[in-house]
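Tertiary structure, described
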Amino acid sequence: MSTKTVSNVIAQLFARRAGEIGLDQAGFCARTGITAGELFALDGRISGDKHLRMLALAEHLPLQLADFHLSLPDLSHAFPDLAALWANCRTPREGIAAYLKYRCVIGELDFVHFAQTPDRLQLDYVNEGAWHPVPVSALGNFNVILAIARYLSPDSTDDVIIDLQGKLPIPPHLIERALNARIRYSQERNRLIYTSRALDRPFPLFNVVPHDYVAQKLDVRRQQILAHGQFLPQIETMLHSWMRDAGLDDSELALERLCEHFHISRWTLSRRLKRENCTFQSLLMRVRGEEARRMLAETDLPVREISDQVGFISQSSLSRFFREQWGISPSHYRAQLR
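The paragraphs below set out a description of the structure included in this document. The shown structure was predicted, so the numbers you read here are calculated from the model rather than taken from an experiment. (Residues numbered from 1 in each chain as written. Predicted model: local features only at pLDDT ≥ 70, side-chain atom pairs only at ≥ 80, totals over all residues. Heavy atoms only, no water.)

Let us look at the overall build of the protein. Secondary structure summary: the protein contains 17 helices and seven strands in total. For a compact globule of 338 residues, the expected C-alpha radius of gyration is about 20 Å, and the protein comes in at 21 Å, within 12% of that figure. Dimensions along the principal axes, computed over C-alpha positions, put the protein at roughly 55 × 50 × 45 Å. Going through the 338 residues of the protein one by one, you find that 50% of them count as buried. For the protein, long-range pairs separated by at least 24 residues make up 69% of all intrachain contacts whose partners lie at least 6 apart in sequence. Element-wise, carbon and sulfur atoms account for 53% of the exposed surface of the protein, whose accessible area totals about 16800 Å². (Helix = DSSP H or I, 4+ residues; strand = E, 2+ residues; numbered from the N terminus. Rg over C-alpha atoms; globule rule 2.2 N^0.38 Å. Buried < 20%, exposed > 50% of the residue type's maximum accessible area, 1.4 Å probe, protein only. Contact = heavy atoms within 4.5 Å. Areas by Shrake-Rupley, 256 points an atom, 1.4 Å probe, with all protein chains shown as cover.)

The following block contains the structure:
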């Protein structure tokens, strides 16, 4: 988790809430491992492991509806470039796609599985590395998506269902009233189901010039975040690409290709990965697991065939890996997404 990062703006919001219950900045930093320098650095980032400790602390903080940004103007104070782009897209569907593309500017620790039809979007939120349900983070992300869709199509009607793992210390009916959505606590997943006939309706105020300008700025920022001084993301991206192109069932061949590509020895590759608390074998297994998870979500291929394509020695090996990493079987994981 130390190689993943989250914007320190999120930490600042939690630190202010902690201050309201008597936990001063020094206490907040001591509980989370976040230094004062990291907390207030301009365009700063917090490592994923520290962010997870902050989420654990957040379980003990009193929550209010005001803690969740319910409009794009609210978001513009914390993330002006993101809010500017999300508020100026061709359609609500494109606005949500822009959210998915650039959300790493906020944080790259969590991810969203996305499925769509002409009139319906389904987004499943997962916080990577979280050891317990994280309904706070899920609801915060779902609020952003709703804000984008409704801003870009203000006169349309929609139907919204939000499923949250665990519970929040806020009565569901208050959130339902604020978001005009149905809220269901203690569900198996964090999921947003958004139904509207206006997903592809053109936004009448769309302006291509500022849209492209802000998108170019965010593209630069996104690339900086994904490759900031780290070797591991480059290796990971390459393994994903190779696996999607032709499969990657031979770990020795993968290692040889990486060394040839970067013009380094196996020893150097191992040493550079070790600096980032990783080994080649653990990274390869992670990529295989992520590709298996993607294929389970996006295809109807049998689990055995997916296991072969991503390089697990058997279907039982893939099942064992899934249970160790995510606590469920591949077939159960696929069923949750359908």
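Core analysis: the biggest nonpolar cluster contains 67 residues, and Phe 28, Trp 86, Ile 162 and Leu 164 have the highest contact counts within it. With ten residues, helix H8 (residues 135-152) is the largest single contributor of residues to this core. If sequence neighbours within four positions are ignored, Trp 86 has contacts with Leu 72, Leu 75, Gly 95, Ala 98, Tyr 99, Ile 106, Val 144, Ile 148 and Leu 152. Grouped together as the second largest cluster of nonpolar side chains are 31 residues, Leu 239, Leu 273, Phe 280 and Leu 284 included. (Core = buried A, V, L, I, M, F, W, Y, C linked by side-chain atoms within 4.5 Å.)

To continue, consider the pairing of strand S7 (residues 190-195). Here S7 lies mainly inside the structure; five of its six residues are buried. Bridge analysis of strand S4 (residues 120-127) against S7 gives six bridges, and the strand direction is antiparallel. Bridging from a neighbouring strand, Gln 122 pairs with Ile 193 of S7. Alignment of strand S5 (residues 159-163) against S7, held across five bridges, turns out to be antiparallel. Counted as the bridge partner of Asp 163 is Arg 191 from S7. (Pairing = 2+ DSSP bridges.)

Within a sheet, adjacent strands bond to each other through the backbone by hydrogen bonds, running parallel or antiparallel. Taken in spatial order, the five strands of this open sheet run S3-S4-S7-S5-S6, and their pairing is mixed. In this open sheet, the two strands that pair with only one neighbour each are strand S3 (110-117) and strand S6 (182-184). Across the sheet, the axes of successive neighbouring strands diverge by a mean angle of 15°, strand direction being ignored. Strands S3 and S4 of the sheet are contacted by helix H7 (residues 92-102), whose axis makes an angle of about 155° with S3. (Axes fitted to C-alpha atoms, helices over the stretch in contact; angles between N-to-C directions.)

Next up on the list: helix H4 (residues 48-58). Side chains three or four residues apart in an α-helix point the same way, a direct result of the helix having 3.6 residues per turn. Counting buried residues in H4 gives eight out of eleven residues, a clear majority hidden from the surface. Among all positions of H4, only Gly 48, Lys 50, His 51, Leu 52, Met 54, Leu 55, Leu 57 and Ala 58 are buried.

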